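Spelled out, the chains give:
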Amino acid sequence: MRRSIAYPVVIAACAVPRVAVLVHERSVAPLEKSDIIARVFLKYGTFGFVPHEPSAYTQPVYAWFLIAVYWVAGRHWWSLGTVQIVVAVATALAVYEIGRRFLSRRAGLVAALVSTLQPYLIWHDVHGNREILDQPLGVAMFGLTLLTYERRSPRLAAALGAVSGLAILSNTRLVLLPLAFGAFLVLKGRGSAVALAVPVVAAIVLAPWVVRNKVEVGCFAITTDARALWKANNLGTYGVLRKGGWIDEVPDISQRYGLPAKWMTPQEAGDLYPGKKIRVDECMQQGHYEHLVFQFWEKHPGAKAKLMVQATRMLWSPRLGAENTPGQSNARKIVEPLYVAPLYLLALVGLFFVPAQFRALALIFAGYETLAAWVFAGTTRYRVPWDFVLALLAAAAIERVPFARGPFRRPFSQKR
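Here the structure is a predicted model, which means the values were calculated and not measured.

### A word on the overall build of the chain
Counting its secondary structure elements, the chain contains 20 helices and zero strands. A compact globule built from 416 residues should have a C-alpha radius of gyration of about 22 Å, and the chain, at 22 Å, falls within 12% of that. Projecting the C-alpha coordinates of the chain onto the three principal axes gives extents of approximately 65 × 50 × 40 Å. Expressed as a percentage of the 416 residues in the chain, the buried residues total 55%. Of the contacts formed within the chain by residues at least 6 apart in sequence, a portion of 74% connects residues at least 24 apart. Entry remark: accessible area of the chain is about 18,200 Å², with carbon and sulfur atoms responsible for 65%. Within the chain, the 25 negative side-chain charges are centred at a point lying 9 Å from the centre of the 46 positive side-chain charges.

Take a look at the structure:
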């Protein structure tokens, strides 16, 4: 199937169901801290929750994205939903191109359709969730890594580093991913110079934001929200998650010790403005919460091991995660597992039909997702941005198994 046919098919498969969900719901709920920051920035010029009080409390990329959307088209259900559908379409087309380039045209089309018709994503992609940007960034990193491997190009390695840096600014859990890409390129014999370019350029991309936080907030940081990390790493976490709750329900320090002003988050302080203006020491909180996390790891290794097992199970469970309860319908609870369980099975089969370097990179993505869940927590919304990797593997299985053909044996550098 040529691009002239494949592109319209992929675009229709991606856009039509999302437009239907968007028109049905017609709402913009402030589900993300980034939504508040975007509105404050456009009104007062401050990147934060309170006018003239800069904050580093969240990863900035989704806030920048919302600022651009709201500035151009206003804050409406149709403006945000339309732009995010465009992002979803671009992601699906990029998945098609990766499959087409490194597997086959048919595999590319199947992978694009399988990934974009993920039931959870159809709902997720038209709401205010920052993971919408993790998807195209993940696809770009996957494709650029394969291209860098193939061509041994320092320029492509630099591009991979730049996208990796942007991905970290979108999701701080990816902070070690450029090192993983560099190690992959070194182990595959692509040279230390090419491999080193990835983390170096990623650090360059991160530098302006990190320095801004030192100057305006008081500390070098990608995000000062260490409380979320602590809520995922304390003795009360396991019980809350086991009962079906999410880490937001773990009691925080202010609830335990009655120190609401000192331990109030920037977002909580913003909720009190303009009636009351409270200055929040984000850097002090960050250091204290990180200290508590390290203490927990050191003093309670058994409890942390239980959380790691729990996080792995929650990340890879075909059922939807607990934090998705608002707006969660029975259809999504039922349809999602019926879609994801076969996807897992086909992806495992597909590992045997893709080139070795493709397989290794897919395992790096899956392994890194799991490692990040061990450090933080695991749930559906953290996995789905990279489900395109499973879709690519599944597409390889779908194409090969019915026809009893062997693995993709054409030269990896051959253009399609």
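Moving on from the model shown.
### Here's the deal with the state of the cysteines
By definition, a disulfide links two cysteine residues through a covalent bond between their sulfur atoms. Scanning the entire structure with this criterion turns up one disulfide. There is a disulfide in this structure between C219 and C283, and the S-S distance comes to 2.1 Å. Between C219 and C283 the sulfur-sulfur dihedral comes to about -85°; the bridge is accordingly left-handed. Here the residue C219 occupies a position in the loop between α10 (192-216) and α11 (226-231), and C283 occupies one in helix α15 (residues 282-299), the gap between them amounting to 64 residues. Like C219, the residue C283 is buried in the burial classification.

### Re the pattern of salt bridges
This structure, assessed with the given rule, holds 16 salt bridges. A salt bridge links E216 to R212; the shortest N-O distance between them is 3.2 Å. With E216 and R212 both in helix α10 and four residues apart, the pair spans about one turn of that helix. With a relative accessible area of 43%, E216 lands in the partly exposed category.

### A short note on the nonpolar core
Ranked by internal contacts, the top residues of the largest apolar core, which has 78 residues, are M141, F142, F358, F365 and F388. No other element matches helix α7 (residues 131-151), which puts 10 residues into this core. Once residues within four sequence positions are removed from consideration, M141 is found in contact with L160, V163, S164, A167, L174, L177, F181, F365 and W386. Listed in part, the 14 residues of the second largest apolar core include A6, V10, L93 and Y96.

### Topic: the environment of A183
Here A183 shows up in helix α9 (residues 177-187). By relative accessible area, which is 37% here, A183 ends up partly exposed. For the pair A183 and Q267, spaced 84 residues apart in the sequence, the C-alpha separation amounts to 38 Å.

### Focus: a nonpolar patch on the surface
A contiguous nonpolar patch, built from F41, L42, W71 and V72 and spanning about 460 Å² of accessible area, is present on the exposed surface. At the level of elements, α2 (33-44) and α3 (61-73) are the ones that each hand at least two residues to the nonpolar patch. With respect to the helices, strands and loops of the structure, V72 is situated in helix α3. Accessibility expressed as a relative area gives 67% for V72, which makes it exposed.

### Here we look at the packing of helix α5 (residues 105-116) against helix α20 (residues 387-400)
Direction vectors running N to C along α5 and α20 enclose 135°, while the axes themselves pass 8 Å from each other. Between α5 and α20, the crossing angle belongs to the class labelled oblique. For the pair α5 and α20, the crossing hand works out as right-handed. Listed contacts from α20 to R106, A107, V110, A111, V114 and S115 of α5 are F388, A391, L392, A395, I398 and E399. Looking at the contact of α5 with α20, its residues break down into nine nonpolar, one polar and two charged.

### A few points about empty space enclosed by the protein
Counted according to the given criterion, the structure contains six cavities of 30 Å³ or more. Of the pockets and cavities examined, the largest cavity occupies roughly 140 Å³. For the lining of the largest cavity, the element with the highest residue contribution is helix α18 (residues 356-375), accounting for three residues. Partitioning the lining of the largest cavity into residue classes produces eight nonpolar, one polar and three charged. Taken as a whole, the second largest cavity encloses approximately 110 Å³ of empty space. Forming the walls of the second largest cavity are 15 residues, and the residues nearest its centre are T91, S115, T116, L121 and Q135. Top contributing element to the lining of the second largest cavity by residue count: helix α4 (residues 77-102), with four residues. Broken down by class, the residue content of the lining of the second largest cavity amounts to eight nonpolar, four polar and three charged.

### Some thoughts on the packing of aromatic side chains
In this structure the tally under the stated criterion is 18 aromatic pairs. An angle of 75° between the planes, with centres 6.3 Å apart, marks the rings of F49 and Y57 as edge-to-face. With a relative accessible area of 5%, F49 lands in the buried category. The buried category is assigned to Y57, whose relative accessible area is 7%. Seen from their ring centres, W246 and Y382 are 6.0 Å apart, and the 55° between their planes marks the pair as tilted. Linking W246 in the loop between α12 (237-242) and α13 (253-257) with Y382 in helix α19 (residues 380-383), this pair joins segments that are 136 residues apart in sequence. The exposure classification of W246 matches that of Y382, with both residues buried. The structure contains a cluster of three or more aromatic residues connected by ring pairs, namely F142, F181, F358, F365, W386 and F388. In this structure, R101 packs its charged tip against the face of F102, placed 5.3 Å from the ring centre. A cation over an aromatic ring shows up here: K306 above the ring of Y238, its NZ or CZ 4.3 Å from the ring centre.

Criteria and cut-off values
- Residues numbered from 1 in each chain as written.
- Predicted model: local features only at pLDDT ≥ 70, side-chain atom pairs only at ≥ 80, totals over all residues.
- Heavy atoms only, no water.
- Helix = DSSP H or I, 4+ residues; strand = E, 2+ residues; numbered from the N terminus.
- Rg over C-alpha atoms; globule rule 2.2 N^0.38 Å.
- Buried < 20%, exposed > 50% of the residue type's maximum accessible area, 1.4 Å probe, protein only.
- Contact = heavy atoms within 4.5 Å.
- Areas by Shrake-Rupley, 256 points an atom, 1.4 Å probe, with all protein chains shown as cover.
- Lys, Arg positive; Asp, Glu negative; His and termini not counted.
- Charge placed at Lys NZ, Arg CZ, Asp CG, Glu CD.
- Disulfide = S-S within 2.5 Å.
- Salt bridge = Lys/Arg side-chain N within 4 Å of Asp/Glu carboxyl O.
- Core = buried A, V, L, I, M, F, W, Y, C linked by side-chain atoms within 4.5 Å.
- Patch = residues over 30% accessible without salt bridge, like charges linked within 9 Å, V, L, I, M, F, W, Y side chains within 5 Å.
- Axes fitted to C-alpha atoms, helices over the stretch in contact; angles between N-to-C directions.
- Parallel < 35°, antiparallel > 145°, perpendicular 65-115°, else oblique.
- Left-handed = near helix turned anticlockwise from the far one by under 90°.
- Nonpolar A, V, L, I, M, F, W, Y, C, P; charged D, E, K, R; others polar.
- 1 Å grid on protein atoms, 1.4 Å probe; cavity = no way out; pocket = protein on both sides within 12 Å on 5 of 7 lines; lining within 4 Å.
- Points joined across faces, edges and corners; volume = space filled by probe spheres on them.
- Phe/Tyr/Trp six-rings, centres within 6.5 Å; stacked < 30°, edge-to-face > 60°.
- Lys NZ or Arg CZ within 6 Å of the ring centre and 35° of its normal.

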